[in-house]
Structure formats: C-alpha cells, structure tokens
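# Observations on the three-dimensional arrangement
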Amino acid sequence: MSQIVDGFNRQVDYLRLSVTDRCDFRCVYCMSEDPEFLPRQQVLSLEELSWVAQAFTELGVKKIRLTGGEPLVRTDCDQLVKLLGNLPGLEDLSMTTNGSRLTKLAQPLFDNGLSRLNISLDTLNPELFTQLTRNGKLDRVIAGIDAAIAAGFRKIKINAVILRGQNDHEVIDLVNFCRARNLDIAFIEEMPLGVIDERKQSRHCSSDEVKALIEAQYPLIPSSKRTGGPARYYQMADSSTHVGFISPHSNNFCHECNRVRVTVEGRLLLCLGNENSIDLKAIVRAHPGDIERLKHAILDGIQFKPQSHHFDQEGVQVLRFMNATGG
Ligand code: SAM
Ligand code: SF4
C-alpha cells in the first residue's frame, strides 16, 4: 500500500516522470513552433532522476511512466530504464513516446526491462502527419510501432488526439489500424494548456463525439479496466483491441486520481490542471542521495494536492505547455 496519501484520502501509487522537455516533433497542440528548452543544468541528471524514482517506490509507488518531451531524444534514456527496472517494488515501468526512434531503440528498451509502451499517432495521412507534428515522418513512426511489436512488447497503446476539421474523419481508420495489429487505442481530448485562443476552442472534439463515430460501426462494451485517471475503456466484440477515451474536460476523474508528475526540472506537480508544485530538485541538489529527506518532502508536498483540476472554470488557464509538463 502506498504511504503517499493526500488530504482527500487519495492514495498515490503512480508517478509520471518527465525525462526531457526536448522533442524532435513540434505537435501543434503540445508546443510552440519555436520553443525555448531548459538549459541542461536545470534538467535532472540520470542519477537524480533515479533517486527521485527510488524515493517514490520506497513510499509505495508501483507504476512509473517515463515521458517528456520525447523521452527517446535523451540519449541515456535506455540506461535510465535499466536503473529503474531494478527498483524493488516497482511493478510497471512504461513510456509514452512519439515512436520516431523506436526502430533503433525498441529492442534495447524491452531488453532493459521496460514493460509497456504508449505510442502517439494522430493520423495515417503522411501530409497531415507532417502538418500536425510540424516536421515528423509518418513512415518512421509506423516502422517504430512495428519494431516495438517485433521486440516483444505486448499491450502497446496508441494515443490519438482528435481535432475537429483536421483528423476527426480518421477515427475509424485509426481503430482499424489498431485492430489489425492487436493494439489498444486511447483517444485524447485536447487539453487547454499553453495560450488558449479561438482556434483551439473551435477544434476541440469531445470524447462523446469520437465514441459515437466508432459506435456507428463497432459496438463498444464497457470494460471494468480503471487506471485512476481520466480514461474510460471499452472492449470490442470481435477483437482484443481496447478503446479508451481520455476526457479531462467532459469526465471529472479527480475523485479517483492516483497520480502525480515530476517535471524534468524536478518539480513535483500535484495536478495536471493546476499550477501547484514542490521543488524536489532543490532538495536533491542540496542533499545528493539523501532519499529519506526526499521522501519527507514528497509526503509533506502531497498534502497540497488540490481536490480537482480547474480546466472547466472560465478564465483559468494553465500556461505550461505539455512538453514542459510531462504528458
Ligand atoms: N513525446 C511523447 C509523445 O508524444 O507520445 C511523450 C510526451 S507527449 C506530451 C504525451 C502525450 O500527450 C501524447 O500522446 C500527446 O499526444 C499528448 N498531448 C500533448 N499535448 C496535449 C494536449 N494539449 N492535450 C491533450 N494531449 C496532449
Ligand atoms: Fe513532442 Fe510528444 Fe509534444 Fe508531440 S506531443 S511535440 S511528440 S512531446
């Protein structure tokens, strides 16, 4: 049982750990075209990241997801996987990636102990792919997905952000892509991070709309699978593919939230839709390797976890971009 319990009696057993804010893509919903990245000295080193992870697992965290930015642009990422893979008590070490480097890295990641992969893929149209990522190549990502399957990963999940007027006509194609490869798929509502303008508001596509598009072709059977987050999962009658909907807007999941994030600057973010954070880097750097001190800071900090996110309150904007947050 996790010792990390917040003021609303929610147990935290899941950490999303960001390993970089950098990325080889510039997805339109995630970062600006010309982002400023953190200077390297502000980024936690491999050793510092592994101390943070150790502190969380010693407190009872069972699941860690590595994310970013794009975790695989960090050259020592497979070494980090090896370090974390050996942490006692850690039951599930996963990663969210854009897939662009998986042809090379899927096998070493699998061999180093990564249990699961989420791979982002919003469209099967090469031109639109390059437009949405501002520079990505679709064929590299598809080759990366196939390399991950060949490396031995099971239960790979595709993440797709659906934007009205851009890729909403591809919902069924994306589902069929996953059915053909026995992958799961989660459709994500765009979250209002960074500067919000009218364009962002008008392209917002709700999970209910996406679900209705799928149900017009395939019946969806509610699944008991729960992740303690904003996702709801469904089974398909004639395939092992699970279909999920991640709906921070239209589904209030806060009462069962089981997770926190640590940004690559070592800020413990208590809620995705909220600016509250605790500076773990200051502790790590002032007292290198002092896991007990880190654990105390985490237990004190968790008391500030807010009861719910503020996405739906008018006028409230979270000015972080996703790559700086750790998606
Ligand atoms: N670079 C990796 C990737 O793209 O999978 C990991 C980091 S990315 C920030 C993690 C996930 O967040 C991706 O699936 C991406 O589509 C999603 N994402 C980014 N910005 C988002 C936003 N504004 N709203 C909803 N999802 C977003
Ligand atoms: Fe990079 Fe992932 Fe953000 Fe796209 S969503 S810009 S791949 S971090």
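What counts as what
Residues numbered from 1 in each chain as written. Chains lettered and ligands numbered in written order. Predicted model: local features only at pLDDT ≥ 70, side-chain atom pairs only at ≥ 80, totals over all residues. Heavy atoms only, no water. Salt bridge = Lys/Arg side-chain N within 4 Å of Asp/Glu carboxyl O. UniProt positions renumbered as here; feature names shortened; annotations may be inferred. Helix = DSSP H or I, 4+ residues; strand = E, 2+ residues; numbered from the N terminus. Buried < 20%, exposed > 50% of the residue type's maximum accessible area, 1.4 Å probe, protein only. Near = heavy atom within 4 Å. Polar contact = N/O pair within 3.5 Å; in protein donor to acceptor, adjacent residues only side chain to side chain. Areas by Shrake-Rupley, 256 points an atom, 1.4 Å probe, with all protein chains shown as cover. Nonpolar A, V, L, I, M, F, W, Y, C, P; charged D, E, K, R; others polar. Phe/Tyr/Trp six-rings, centres within 6.5 Å; stacked < 30°, edge-to-face > 60°. Lys NZ or Arg CZ within 6 Å of the ring centre and 35° of its normal. Pairing = 2+ DSSP bridges. Axes fitted to C-alpha atoms, helices over the stretch in contact; angles between N-to-C directions. Contact = heavy atoms within 4.5 Å.

Here the focus is the pattern of salt bridges. Side-chain pairs of opposite charge can arise where the charged atoms are in close proximity. One pass over the structure, following the stated rule, counts 15 salt bridges. When salt bridges that share partners are traced, they join Glu-58, Glu-292 and Lys-295 into one network.

Attention now moves to the UniProt feature "binding site: [4Fe-4S] cluster 2" (unreviewed entry) in the chain. The UniProt record marks Cys-254, Cys-257 and Cys-271 with the feature "binding site: [4Fe-4S] cluster 2" (unreviewed entry), using the residue numbering of this structure. On the basis of their most widely separated C-alpha atoms, the annotated residues across 18 residues gather in one place, lying no more than 9.2 Å apart. Residue placement: Cys-257 occurs in the loop between strand S9 (239-246) and strand S10 (259-262). Here Cys-271 lies in the loop between strand S11 (267-269) and strand S12 (277-279). For Cys-271, a relative accessible area of 13% translates into the label buried.

Here we take up the site of ligand 1. Lining the immediate surroundings of ligand 1 are 18 residues, of which Tyr-29, Gly-69, Glu-70, Ser-120 and Met-191 lie closest. A distance of 3.1 Å separates an oxygen atom of ligand 1 from a polar atom in the backbone of Thr-97. Contact with the protein chains covers 95% of the free accessible surface of ligand 1, which is 540 Å². Those elements giving two or more residues to the shell around ligand 1 turn out to be strand S2 (63-68), strand S3 (92-97) and strand S5 (157-161). Counted by class, the shell around ligand 1 contains six nonpolar, nine polar and three charged residues.

Moving on to the environment of Pro-306. By secondary structure assignment, the location of Pro-306 is in the loop between helix H10 (291-301) and helix H11 (322-325). For Pro-306, a relative accessible area of 16% puts it in the buried group.

Bringing the packing of aromatic side chains into the picture now. Across all of its chains, the model carries four aromatic pairs by this definition. Ring centres 6.1 Å apart and planes at 25° place the aromatic pair Phe-187 and Phe-245 in the stacked group. Linking Phe-187 in strand S6 (residues 184-188) with Phe-245 in strand S9, this pair joins segments that are 58 residues apart in sequence. Residue Phe-245 is classed as buried on the basis of its relative accessible area of 3%. Ring geometry for Tyr-234 versus Phe-245: centroids 5.7 Å apart, planes at 70°, classification edge-to-face. Placement of the pair is Tyr-234 in strand S8 (residues 231-236) and Phe-245 in strand S9, with a sequence separation of 11 residues. Neither Tyr-234 nor Phe-245 differs from the other in exposure class; each is buried. Through pairs of rings, three or more aromatic residues link up here, namely Phe-187, Tyr-234 and Phe-245. The positively charged end of Lys-63 is found above the aromatic ring belonging to Tyr-14, 4.5 Å away from the centroid.

A word on the sheet that holds S6. Strand order in this open sheet of 12 strands is S7-S8-S9-S6-S5-S4-S3-S2-S1-S10-S11-S12, and the pairing throughout is mixed. In this open sheet, the two edge strands, each paired with only one partner strand, are strand S7 (220-222) and S12. Neighbour-to-neighbour, the strand axes of the sheet open up by a mean angle of 25°, direction not taken into account. Relative to strand S4 (residues 116-120), S3 runs parallel, the two sharing four bridges. Directly across from Ser-94, in S4, lies its bridge partner Arg-116. Strands in contact with helix H6 (residues 171-181) are S5, S6, S8 and S9; relative to S6, the strand with the most contacts, it is inclined by about 155°.

Attention now goes to the site of ligand 2. As a structural note, the neighbourhood of ligand 2 is formed by Cys-23, Phe-25, Arg-26, Cys-27, Cys-30, Met-31, Gly-69 and Asn-98. Taken together, the residues of the shell around ligand 2 break down into five nonpolar, two polar and one charged.

Burial along S10 is two-sided: Arg-259 and Arg-261 and Val-260 and Val-262, pointing in opposite directions, are all buried. Where strand S1 (residues 14-20) lies against S10, four bridges are found, and the strand directions are parallel. If you follow Tyr-14 over to S10, its bridge partner there is Arg-259. Direction of pairing for S10 relative to S11: antiparallel, over a ladder of two bridges. Residue Arg-261 lies in a different strand from S11, and its bridge partner there is Leu-269. Where S10 folds back on S11, the antiparallel hairpin that results is connected by four residues, among which Gly-266 adopts a positive phi of roughly 80°.

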